[in-house]
Amino acid sequence: MSGFMITLVVSGTVLVVILASDLGRRRITTMRLIRPLIAVAVVMVLFFHTPKLDGNDLSLQLVGVGIGVILGLTAGAMLPAHRDSSGQVYTRAGVLYALFWLVMSAARVLFVYGIEHWYTADIIKFAVKYRISGPEVFSNSLVLMALATVLARTVVVMNRRRRLRITAR
């Protein structure tokens, strides 16, 4: 499967699962928090290659994780939480949240499409110059970015739920 198709499947899966879990007013349940993590775990099993450690491969993969954490924290910040009169904790996600995830997913897909069609020679020069061993490293970086984004968003939501439950006592 091409890098473009892998990115399309990964980004599309994450986008659909996150939006289905978060859009609108949603009660924070354990299953709601776990569902996106399960989806990303399945994606990891299917598309993550053995981590590459040659040259700067690890560094590029860690950059993917770092960017993913920043994006996930940003997404989490866009999910305000509140406790209702019964003590249940809810989040509310609207159009801006959906647009953020859509743009983030589209950017990953467009980047990989560009690698394969628009700036292939430039990415090869980049890989040679910075000692990146091959396309699997870019693929791994994007999959790790998706995982880190979902994990960071989940941690933010879990923390909000915990804090709101503590203040209810």
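Bear in mind that the values here come from a model prediction, so they are computed numbers and not experimental data.

A. View of the sheet that holds strand β1 (residues 24–27). Across the sheet, which stays open at both edges, the three strands sit in the order β1-β3-β2 with antiparallel pairing between neighbours. Of all strands in the sheet, those bounded by a partner on one side alone are β1 and β2 (81–83). The average angle at which neighbouring strand axes cross in this sheet is 30 degrees, direction not considered. Pairing geometry for β2 and strand β3 (residues 89–93), over three bridges, is antiparallel. Residue pairing in the sheet places H82 in a bridge with Y90 of β3.

B. Up close: unusual backbone geometry. Positioned with a positive phi, R131 is a non-glycine residue whose angle comes to about 55 degrees. Turning to its location among the elements, R131 is positioned in the loop between α5 (120–129) and α6 (135–168). What makes R131 exposed here is its relative accessible area of 55%.

C. Region of interest: the environment of G76. In this structure, G76 sits in helix α3 (residues 57–77). Among the residues examined, G76 registers a relative accessible area of 0% and is labelled buried.

D. Region of the structure containing the side chain of S105. Its location among the elements puts S105 in helix α4 (residues 95–117). On the accessibility criterion, S105 (4% relative accessible area) is buried. Within the structure, S105 has its side chain in polar contact with the backbone oxygen of W101 (distance 2.9 Å). The contact partners of S105, leaving out residues within four places of it in the chain, are S11 and L15.

E. Structural view of the nonpolar core. Within the largest apolar cluster, 30 residues are counted, with the highest numbers of intra-cluster contacts made by V10, V14, Y97 and W101. Mapped onto this core, the elements with two or more residues apiece are α1 (3–22), α2 (30–47), α3, β3, α4 and α6. When residues in this core are grouped by element, the largest group, seven residues, is from α6. If we skip the residues at most four places from it in the chain, Y97 touches I18, L19, D22, A75, M78, L79 and R153. Counting residues in hydrophobic clusters, the runner-up holds seven residues, among them L60, I115, I123 and A127.

F. The arrangement of the packing of aromatic side chains in detail. The final tally for this structure, using the stated rule, is six aromatic pairs. Ring geometry for F4 versus Y113: centroids 5.5 Å apart, planes at 70 degrees, classification edge-to-face. Placement of F4 in helix α1 and of Y113 in helix α4 is noted, with a sequence separation of 109 residues between them. When the centroid spacing of 4.9 Å and the interplanar angle of 45 degrees are considered together, the rings of F126 and Y130 count as tilted. For F126, a relative accessible area of 34% corresponds to the partly exposed category. Of the aromatic side chains, those joined through ring pairs into one cluster are F4, Y113 and W118. Between the NZ or CZ atom of R25 and the centre of the ring of Y90, over which it lies, the distance is 3.7 Å.

So, how was this worked out
Residues numbered from 1 in each chain as written. Predicted model: local features only at pLDDT ≥ 70, side-chain atom pairs only at ≥ 80, totals over all residues. Heavy atoms only, no water. Pairing = 2+ DSSP bridges. Helix = DSSP H or I, 4+ residues; strand = E, 2+ residues; numbered from the N terminus. Axes fitted to C-alpha atoms, helices over the stretch in contact; angles between N-to-C directions. Buried < 20%, exposed > 50% of the residue type's maximum accessible area, 1.4 Å probe, protein only. Polar contact = N/O pair within 3.5 Å; in protein donor to acceptor, adjacent residues only side chain to side chain. Contact = heavy atoms within 4.5 Å. Core = buried A, V, L, I, M, F, W, Y, C linked by side-chain atoms within 4.5 Å. Phe/Tyr/Trp six-rings, centres within 6.5 Å; stacked < 30°, edge-to-face > 60°. Lys NZ or Arg CZ within 6 Å of the ring centre and 35° of its normal.

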